[in-house]
2 protein chains.
Amino acid sequence: MELTRVVALAGGVGGAKMAVGLQAAVPPGALTVIVNTGDDFEHWGLTICPDLDTVLYNLAGVHNPETGWGRDQESFRLLEAMGKLGGEDWFRLGDQDLALHLRRSEWLQQGARLSEITDRLRRALGVPSLVLPMSDEPVRTLVHTDEGDLPFQHYFVRLRCEPMVMDLSFVGAESARVPEAVAKALHNADLIVFCPSNPYLSIDPILSVPGMRRLLQEAPAPKVAVSPIVGGTAIKGPAAKMMRELGQMVSPLTVMDHFDELLDGFILDSADAEIAGAVQVPTLVTETLMTDLASKTKLAQEILTFAGQLAETRNTFSRPGRRPT
Amino acid sequence: MELTRVVALAGGVGGAKMAVGLQAAVPPGALTVIVNTGDDFEHWGLTICPDLDTVLYNLAGVHNPETGWGRDQESFRLLEAMGKLGGEDWFRLGDQDLALHLRRSEWLQQGARLSEITDRLRRALGVPSLVLPMSDEPVRTLVHTDEGDLPFQHYFVRLRCEPMVMDLSFVGAESARVPEAVAKALHNADLIVFCPSNPYLSIDPILSVPGMRRLLQEAPAPKVAVSPIVGGTAIKGPAAKMMRELGQMVSPLTVMDHFDELLDGFILDSADAEIAGAVQVPTLVTETLMTDLASKTKLAQEILTFAGQLAETRNTFSRPGRRPT
């Protein structure tokens with residue numbers, strides 16, 4: 001069974017890499033990426049959406065290949081000048097990058113919706129895939145730590161994830177709504193992929209939007225997740241550290257359990273092959289490290305094949321090991 | 001008579017050069033520059049105050065010495081990226097320069113007054129002189145031309161002053177007020193200098209703020225103007241072209257007539273020595289071209305000496321050739 005209309009749920013760098021692979025593996029325009037906006041924040045009077053931008057830059061191929069976020073061949077002259085004027089300079093905004101923040105912030109000021117703005121930006125950047133924020137209304141991740149409650153970027157960038165995380169909340173989620181384009185994409189999808197993003201910081205905010213979880217449950221497409229935990233640690237970011245702080249085992253199984261009721265399939269790295277038998281849904285074991293376009297595309301193609309088999313099996317048998325939803 | 005507390009009325013580049021000379025010629029902190037804000041505009045969602053910035057950058061010594069405006073060793077990477085995103089790129093905003101626009105715009109959003117913001121910026125830039133906007137309320141110069149009514153920067157930058165000027169209006173002036181610091185500076189001044197700025201575009205907006213003209217008339221200090229017209233043309237900008245379009249003679253006498261009731265003395269360039277006899281107030285004839293710090297400072301020192309003589313004469317005799325005010 002060939003799957004073309006693919007929806008990916010993504011956070012920042014890990015999600016963007018997976019999205020790049022999927023974009024390369026499906027026809028132009030067949031990929032829709034639903035992106036976490038819990039990381040968004042107000043800075044220097046601008047509204048900054050780091051995950052949306054990371055996804056856009058990666059899909060446009062203008063990202064910094066070393067960091068995974070920000071623009072390639074970036075300069076930081078405005079940031080330096082801002083520091084000299086006494087402004088905050090802990091969040092590294094590049095000169096080219098700032099053009100996008102200014103454009104988005106001006107449009108938001110004028111009353112445009114974030115979905116509409118994101119669509120204008122992805123067209124300007126020549127991105128063929130749809131990129132959709134999880135909601136148009138602001139949702140802001142608040143990190144409850146041993147050093148107090150921290151707005152996400154203060155935890156993540158300013159304090160380099162050093163405080164111990166006790167809990168998270170998604171401020172504004174209760175009054176956020178799933179944008180119509182997101183609901184439509186989920187309903188029409190042939191495959192839904194939870195990218196290897198931080199489950200707590202990147203995927204949970206998406207799931208916190210009222211109705212999102214139900215739309216995922218009701219979507220007829222198979223839903224698979226790629227583990228962001230490989231060989232006992234996170235490929236990038238604080239996922240493993242947070243699992244420990246939240247009293248969880250640092251394991252792909254923790255990710256699987258976290259999303260269990262939503263998933264029809266799981267993708268494990270070969271480094272974790274020995275635990276494949278413990279996963280309660282069909283599991284693909286493969287190389288999941290995405291270091292270049294070839295490895296991103298190869299992983300995406302394998303996921304498409306795996307999910308195609310899942311979809312065929314689902315049409316024949318009831319799914320094993322699933323709790324009623 | 002030694003004059004120390006000097007107030008300068010200034011627009012952009014010409015005014016800023018004169019202010020630099022005056023700053024060098026008086027004790028630190030003794031100069032106050034009252035700056036035109038009629039050129040201010042909203043662009044990319046930011047509030048931009050070109051004349052305030054030109055004065056600040058020149059007084060801080062971080063201006064571009066070739067253009068007279070903008071920052072030295074500037075780059076334009078954000079502007080380029082903005083153009084690629086489909087944004088307007090006709091107004092050349094540099095990367096370092098934008099730090100200041102962001103900082104000011106954020107403070108304005110937070111409700112701070114322009115005077116207060118300008119004072120924070122001049123301190124951050126290490127400027128010893130006071131720099132004051134002509135008002136905290138927005139006043140916007142509208143240029144009535146043969147191509148229709150144009151916001152100032154559209155006339156000045158986008159259309160390069162090409163349309164024929166028929167009239168000017170200062171939108172918002174009727175509800176603007178003279179900031180208290182401006183009134184105080186004028187009252188306490190030992191000397192008030194009308195810089196060689198465009199009389200219509202730079203000085204008239206300052207005079208359009210209700211009460212400003214009366215404060216100038218009532219200020220006990222001598223008031224002198226430096227002619228921006230030298231040898232039948234303007235040193236910089238469209239002053240001469242506008243004089244022709246407005247049916248005026250392109251001459252320092254036109255500038256003198258324009259401000260006549262306010263002035264006690266006039267400063268003419270040596271190139272125009274032959275018309276000195278036609279000026280109705282005491283006139284200093286000297287080299288007025290300001291090409292470097294030395295020539296700026298020398299002109300300022302000559303103005304201080306000239307005005308000191310004026311003040312002494314005024315204390316002895318009634319002033320010649322003045323209409324009753």
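In this numbering scheme, every chain counts its residues from 1 along its sequence in written order. Following the order in which they are written, the chains are lettered starting with A and the ligands numbered starting with 1. Residues qualify for local features only when their pLDDT is at least 70, as the model is predicted, and side-chain atom pairs are given and counted only at 80 or more; totals for whole chains, interfaces and linings, by contrast, use all residues.

**Comments concerning the overall build of chain A**
Part 1 of the argument: Scanning chain A from terminus to terminus reveals 12 helices and 14 strands.
Part 2 of the argument: Taking the principal axes of its C-alpha atoms as reference, chain A extends roughly 65 × 40 × 40 Å.
Part 3 of the argument: Comment: burial labels come from other C-beta atoms within 10 Å of the residue's own C-beta, placed from the backbone, where a count of 20 or more is buried, 12 or fewer is exposed, and between is partly exposed. Considering chain A as a whole, with its 325 residues, one finds that 50% of them fall into the buried category.
Part 4 of the argument: Taking all contacts inside chain A whose residues are at least 6 apart in sequence as the whole, residues at least 24 apart take part in 67%. Each helix corresponds to a stretch of at least 4 residues labelled H or I by DSSP, and each strand to a stretch of at least 2 residues labelled E; elements are numbered beginning at the N terminus. By definition, residues are in contact whenever their C-beta atoms, placed on the basis of the backbone, come within 7 Å of each other.

**Points about the nonpolar core**
Part 1 of the argument: Core membership is restricted to buried Ala, Val, Leu, Ile, Met, Phe, Trp, Tyr and Cys residues, and these are joined into a nonpolar core through C-beta atoms within 7 Å. In terms of nonpolar packing, the biggest core is built from 200 residues, with Ala-8, Ala-19 and Val-193 of chain A together with Ala-8, Ala-19 and Val-193 of chain B touching the most fellow members.
Part 2 of the argument: Look past the residues within four positions of Val-193 of chain A in its chain and what remains in contact with it is Val-6, Ala-8, Met-18, Leu-22, Val-224, Val-226 and Ile-303 of chain A.

**Considerations on the interface of chain A and chain B**
Part 1 of the argument: Across the boundary between the two partners, chain A contributes 21 residues, which contact 21 residues of chain B.
Part 2 of the argument: It is helix α4 (residues 95–109) of chain A that provides the largest number of residues to the side of chain A that touches chain B, a total of 10 residues.
Part 3 of the argument: For the side of chain A that touches chain B, a count of residues per class yields 10 nonpolar, 7 polar and 4 charged. Each residue is assigned to one of three groups, with Ala, Val, Leu, Ile, Met, Phe, Trp, Tyr, Cys and Pro labelled nonpolar, Asp, Glu, Lys and Arg labelled charged, and all others, Gly among them, labelled polar.

**Quick word on the relation of the copies chain A and chain B**
Part 1 of the argument: Alignment of copies: least-squares fit on C-alpha atoms of residues with pLDDT of at least 70 in both copies. Overlay of chain A on chain B (RMSD 0.0 Å): rotation 180°, translation along the axis 0.0 Å. In the structure described here, the two chain copies are related by an operation that fits a two-fold rotation axis. Considering only C-alpha atoms, the residue of chain A closest to the rotation axis is Asp-95 of chain A, which sits at 3.3 Å.
Part 2 of the argument: Looking at the interface residues of chain A, 100% of them are also at the interface in chain B, so both copies use one shared face.

**Points about the sheet that holds strand β5 (residues 130–133) of chain A**
Residues and elements named next belong to chain A.
Part 1 of the argument: In short, DSSP must find at least two bridges between two strands for them to pair. Read from one edge to the other, the open sheet built from 7 strands follows the order β5-β2-β1-β9-β10-β13-β14, with strand pairing classed as parallel. The two strands at the open ends of the sheet, each matched to only one other strand, are β5 and β14 (283–286). Each strand of the sheet is rotated relative to its neighbour by a mean of 20°, with strand direction disregarded.
Part 2 of the argument: Axes here refer to lines fitted to C-alpha atoms; in helices the fit is confined to the stretch in contact. Angles between the N-to-C directions go from 0 to 180 degrees. Along the sheet, helix α2 (residues 50–60) contacts β1 (6–10), β2 (31–35) and β5; its crossing angle with β5, the most-contacted strand, is approximately 175°.

**A look at the confidence of the model for chain A**
Residues and elements named next belong to chain A.
Part 1 of the argument: One number per residue, pLDDT, summarises how confident the predictor is, and it ranges from 0 to 100. For chain A, per-residue confidence averages 94 on the pLDDT scale, and residues scoring 70 or more make up 96% of the total.
Part 2 of the argument: Ignoring residues within four places in sequence, the model shows residues 318–325, a span with pLDDT below 50, making 7 contacts including any to other chains.
Part 3 of the argument: Across the whole predicted complex the pTM is 0.91, and at the interface the ipTM reaches 0.90.

**Comments concerning helix α5 (residues 114–124) of chain B**
All names here are of chain B.
Part 1 of the argument: Those residues of α5 lying buried are Leu-114, Ile-117, Thr-118, Leu-121 and Arg-122. Viewed along the axis of α5, the buried residues span an arc of 135°, placing them on a single side of the element.
Part 2 of the argument: Those residues of α5 hidden inside the fold are in contact with α2 (50–60), α4 (95–109) and β5 (130–133).
Part 3 of the argument: In the segment just after α5, Gly-126 is the residue with positive phi, at about 75°. To obtain the arc, one takes the directions from the helix axis to the C-beta atoms.

**Details of the sheet that holds strand β1 (residues 6–10) of chain B**
Residues and elements named next belong to chain B.
Part 1 of the argument: Spatial ordering of the open sheet is given by β5-β2-β1-β9-β10-β13-β14, a layout of 7 strands whose pairing is parallel. Two strands lie at the open edges of the sheet, namely β5 and β14 (283–286), each paired on one side alone. Adjacent strand axes in the sheet meet at a mean angle of 20°, parallel and antiparallel pairs treated alike.
Part 2 of the argument: Relative to strand β2 (residues 31–35), β1 runs parallel, the two being bridged by 5 bridges. Bridging from a neighbouring strand, Leu-9 pairs with Ile-34 of β2.
Part 3 of the argument: Packing of helix α1 (residues 13–25) onto the sheet brings it into contact with β1, β2, β9 (191–194) and β10 (223–226), and relative to β1 it is tilted by some 165°.
Part 4 of the argument: Those strands touched by α2 are β1, β2 and β5, and its axis lies near 175° from that of β5.

**What about the pairing of β9 of chain B?**
All names here are of chain B.
Part 1 of the argument: Side chains Leu-191 and Val-193 of β9 all project onto a buried face; the interleaved residues Ile-192 and Phe-194 project onto the opposite face, where all are buried too.
Part 2 of the argument: Pairing between β1 and β9: 4 bridges, direction parallel. Of the residues in β9, the one forming a bridge with Val-6 is Leu-191.
Part 3 of the argument: In this sheet, β10 lies alongside β9 in parallel orientation, the contact comprising 3 bridges. Considered in β10, the bridge of Ile-192 is made with Lys-223.

**A few points about the packing of α1 of chain B against α2 of chain B**
All names here are of chain B.
Part 1 of the argument: As a packed pair, α1 and α2 sit with axes 9 Å apart at the nearest point and diverge in direction by 35°. In the crossing of α1 with α2, the sense of the turn from one axis to the other is right-handed. The segment α1 lies against α2, with Val-13, Gly-15, Ala-16, Lys-17, Ala-19, Val-20 and Gln-23 engaging Thr-54, Val-55, Asn-58 and Leu-59.
Part 2 of the argument: For the contact of α1 with α2, the residue count by class is 6 nonpolar, 4 polar and 1 charged. Two helices cross in a left-handed way if the nearer one is turned anticlockwise from the farther one by less than a right angle. They cross in a right-handed way if the turn is clockwise.

**Some thoughts on α2 of chain A**
For the α-helix, the turn length of 3.6 residues means that residues three or four positions removed from each other point alike.
All names here are of chain A.
Part 1 of the argument: Within α2, 10 of the 11 residues are buried, which leaves it mostly tucked inside the rest of the structure.
Part 2 of the argument: The set of residues buried in α2 consists of Pro-50, Asp-51, Leu-52, Asp-53, Thr-54, Val-55, Leu-56, Tyr-57, Asn-58 and Leu-59.
Part 3 of the argument: In the segment just after α2, Gly-61 is the residue with positive phi, at about 70°.

**Description of the packing of helix α3 (residues 77–84) of chain A against α4 of chain B**
Part 1 of the argument: Packing of α3 of chain A against α4 of chain B brings their axes to within 7 Å, and their N-to-C directions diverge by 50°. One finds that α3 of chain A runs oblique with respect to α4 of chain B. The two elements α3 of chain A and α4 of chain B cross, and the hand of that crossing is right-handed. Residues Arg-77, Leu-78, Ala-81 and Met-82 of chain A of α3 of chain A form the contact with α4 of chain B, whose own contacting residues are Asp-95, Gln-96, Leu-98, Ala-99, Leu-102 and Arg-103 of chain B. Reported orientations rely on four angle classes, namely roughly parallel under 35 degrees, roughly antiparallel over 145, roughly perpendicular from 65 to 115, and oblique for the rest.

**Some thoughts on the environment of Val-250 of chain B**
All names here are of chain B.
Part 1 of the argument: Checked against the element boundaries, Val-250 lands in the loop between α10 (239–245) and α11 (252–259).
Part 2 of the argument: Linking Val-250 and Ile-229, residues 21 residues apart in sequence, is a C-alpha distance of 7.4 Å.
Part 3 of the argument: Excluding its chain neighbours within four sequence positions, the residues that come into contact with Val-250 are Ile-229, Gly-232, Thr-233, Ala-240, Met-243 and Arg-244.

**Focus: unusual backbone geometry**
Part 1 of the argument: Here Gln-73 of chain A, not a glycine, exhibits a phi torsion of approximately 45°, which is positive.
Part 2 of the argument: Mapped onto the elements of the fold, Gln-73 of chain A is located in the loop between α2 and α3.

**A word on the environment of Thr-288 of chain A**
Residue and element names in this part refer to chain A.
Part 1 of the argument: As for its placement among the helices and strands, Thr-288 is situated in the loop between β14 and α12 (293–316).
Part 2 of the argument: A count of 25 C-beta atoms within 10 Å places Thr-288 in the buried class.
Part 3 of the argument: It is 9.9 Å that separates the C-alpha atoms of Thr-288 and Ile-235, two residues lying 53 residues apart in sequence.
Part 4 of the argument: If we ignore the near neighbours within four places in the chain, the residues touching Thr-288 are Pro-196, Val-226, Val-230, Ile-267, Asp-269 and Leu-299.

**Here's the deal with the environment of Ala-189 of chain A**
All names here are of chain A.
Part 1 of the argument: Among the secondary structure elements, Ala-189 is positioned in the loop between α7 (180–188) and β9 (191–194).
Part 2 of the argument: Expressed as a C-alpha distance, the spacing of Ala-189 and Val-62, which sit 127 residues apart in the sequence, is 27 Å.
Part 3 of the argument: Setting aside residues no more than four positions away along its own chain, Ala-189 makes contact with Arg-5, Val-6, Val-7, Ala-219 and Ala-221.

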